[in-house]
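As a plain string of letters, each chain reads:
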Amino acid sequence: MNEAQDLFSLLRQSADVDPLAIDVIKRIIAEGEDRELCRINVLAFASKHGLDEERTIGAFLHAARVGIFDISWNVLCPGCGGVLDTNATLKTVQKDEYTCTLCAEGYSPTLDEMVEVTFTVSPRIRRIAAHNPHELPLMEYFRQIYWASGVDLPDEDFAKRMEEISLEDIELAPGEKAVLTVQLPSDFIIVFEPVTHSVQFIDVKGEPTKERRSLSLVFDRDHVQSQTLEMQPGPLRISLENRTDTRVLPTVFIASQGLHDLLGRRRPFLTAKRLLTNQTFRDLYRTDTLDINQRLKITSLTFLFTDLRGSTALYERVGDLSAFDLVRAHFQVLHEIVAAEAGAVVKTIGDAVMATFATPDRAIAAALRMRDAMRALNDESGREDLLLKIGIHSGPCIAVSMNERQDYFGQTVNIASRVQNLANAQAIFATRAVVDDNLTADLLRRKSLKPEPHEVSLRGIEREIAVYTIP
């Protein structure tokens, strides 16, 4: 407990950490149930306790940095919401494809909705049951370990719901054998084992029979999926053998509407994409994100580029020292605005800034604030010294590690940069992918701003693209 007090005292020394979020985190660690502290969904945590999402994410990141939480990067099945792989760092997400045996589908991982980031209390702070997952009761293993934090499982009647959608379950120790006897209904049956991700599908149809059938299943690390068997409704004897070095939890599920209803309730969760575009994360984990050889896909990310128009003339006009102070002040303002709009500055190049946002509307909101801020700085000086050009584009990209820093690569990045080059002084240029976004459209409508379209040619892009000026 003394160590926990020391770490929370250290956490409170960070000026940009929300003290309210710290208070709630400390209280839940002291008083919450074990499962509340395993793979915490930060967005659900913020919603439940009435906290600001971005400030709560920042508080958890700082808390993890001082040792209060352990971060987990979990590769998810977009179908059933199961956790296909768990990683202590994004660097170990190395596979080109992950297979969900429960859904019988393979997926190429993207950082948008297939990698969640969760936080589990450190055993140094409080021991919880999930620190020894192979000792969890079967139901809690499914709830806390197999299904991801984006699956909105019921708190009160989870065990009852699980009983309604399963015929039998059993726990087998390493090397143990057992037999389950079940009465097959006229349904699609799934014998699923969540530790090894082994599965056997049984399509039960036809006339019922009293003849007892037999099925043998062996659990090891090499055989995780079998072809679908066809059987008639009636009695089935399932022989089970655990050939792994840990316990297994085979469960006979009915693939009914009840199972779909249980897993169909979803809630927002902290994606890897959103975390990579979080300024606090980039500041705290600058060199500990991606491996040098990794190439991780993002389906859609928004890039904002800025540059100062006429900065060379500015240095000539006001002198190096005054110009440097102005440029530094402009960088500070831009950084603050990007962070306030849930974005992150990737890098600065000369007088230019490259920033990312999870959604286009936040980039547009940031651009509008940047334009206003530059006007305010110019009004203070009485001169038009800071003329900011802004370009915004959204699309797919690849997250990479370059020059010991997390960066992005792809045509989307190139287009965003070239759109910024089209802009004139104090202009915001955005592509159709940005302007057509529903949230962006709502934002512009609220501000009574009507984008003005024009077709342009960009170097290296074969076709003309629609670029909009935000007045």
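For the structure itself, look to the data block above.
The paragraphs below set out a description of the structure included in this document. (Residues numbered from 1 in each chain as written. Predicted model: local features only at pLDDT ≥ 70, side-chain atom pairs only at ≥ 80, totals over all residues. Heavy atoms only, no water.)

## With respect to the packing of helix 12 (residues 360-381) against helix 15 (residues 438-446)
Line of reasoning, step 1. Here helix 12 crosses helix 15 at 30 degrees, and the two axes come no closer than 7 Å. By the angle class used here, helix 12 and helix 15 are roughly parallel. Here Pro 360, Asp 361, Ile 364 and Ala 365 of helix 12 come into contact with helix 15, specifically with Leu 439, Thr 440, Leu 443 and Leu 444.
Line of reasoning, step 2. For the contact of helix 12 with helix 15, the residue count by class is six nonpolar, one polar and one charged. (Axes fitted to C-alpha atoms, helices over the stretch in contact; angles between N-to-C directions. Helix = DSSP H or I, 4+ residues; strand = E, 2+ residues; numbered from the N terminus. Parallel < 35°, antiparallel > 145°, perpendicular 65-115°, else oblique. Contact = heavy atoms within 4.5 Å. Nonpolar A, V, L, I, M, F, W, Y, C, P; charged D, E, K, R; others polar.)

## A word on the sheet that holds strand 2 (residues 83-87)
Line of reasoning, step 1. The sheet built from three strands is open, its strands ordered 2-1-5 with antiparallel pairing. Strands with a single pairing partner mark the edges of an open sheet, and in this sheet they are strand 2 and strand 5 (115-121). With direction set aside, neighbouring strand axes in the sheet form an average angle of 30 degrees.
Line of reasoning, step 2. Here four bridges tie strand 1 (residues 69-76) to strand 2, and the two strands are oriented antiparallel to one another. Note that in strand 2 the partner of Leu 76 across the bridge is Val 83.
Line of reasoning, step 3. Sheet contacts for helix 4 (residues 53-66): strand 1 and strand 5; angle to strand 1, the most-contacted strand, approximately 115 degrees. (Pairing = 2+ DSSP bridges.)

## Comments concerning the nonpolar core
Line of reasoning, step 1. Phe 69, Phe 119 and Tyr 408 are the most contacted members of the largest nonpolar core, which totals 91 residues.
Line of reasoning, step 2. The next biggest cluster of nonpolar side chains, apart from the first, holds 36 residues, and it includes Phe 331, Val 345, Leu 368 and Ile 390. (Core = buried A, V, L, I, M, F, W, Y, C linked by side-chain atoms within 4.5 Å. Buried < 20%, exposed > 50% of the residue type's maximum accessible area, 1.4 Å probe, protein only.)

## Regarding the pairing of strand 10 (residues 213-219)
Consecutive residues of a regular strand have side chains that alternate between opposite faces of the sheet.
Line of reasoning, step 1. Side chains Arg 213, Leu 215, Leu 217 and Phe 219 of strand 10 all project onto a buried face; the interleaved residues Ser 214, Ser 216 and Val 218 project onto a face where none is buried.
Line of reasoning, step 2. Strand direction decides the pairing type here: strand 10 and strand 12 (residues 234-242), joined by seven bridges, are parallel. Residue Val 218 lies in a different strand from strand 12, and its bridge partner there is Glu 241.

## Overview of the sheet that holds strand 13 (residues 251-254)
Line of reasoning, step 1. The strand order 6-13-8-9-11 describes an open sheet built from five strands, whose pairing is mixed. Of all strands in the sheet, those bounded by a partner on one side alone are strand 6 (166-169) and strand 11 (229-231). Going from strand to strand, the sheet's axes swing by 20 degrees on average, the running direction of each strand aside.
Line of reasoning, step 2. Summarising the sheet, strand 8 (residues 188-193) and strand 13 pair through four bridges and their orientation is antiparallel. Its bridge partner lying in strand 13, Ile 189 is registered against Ile 254.
Line of reasoning, step 3. Each of strand 6, strand 8 and strand 13 is contacted by helix 5 (residues 138-146), which is oriented at about 75 degrees to strand 13, the strand it contacts most.

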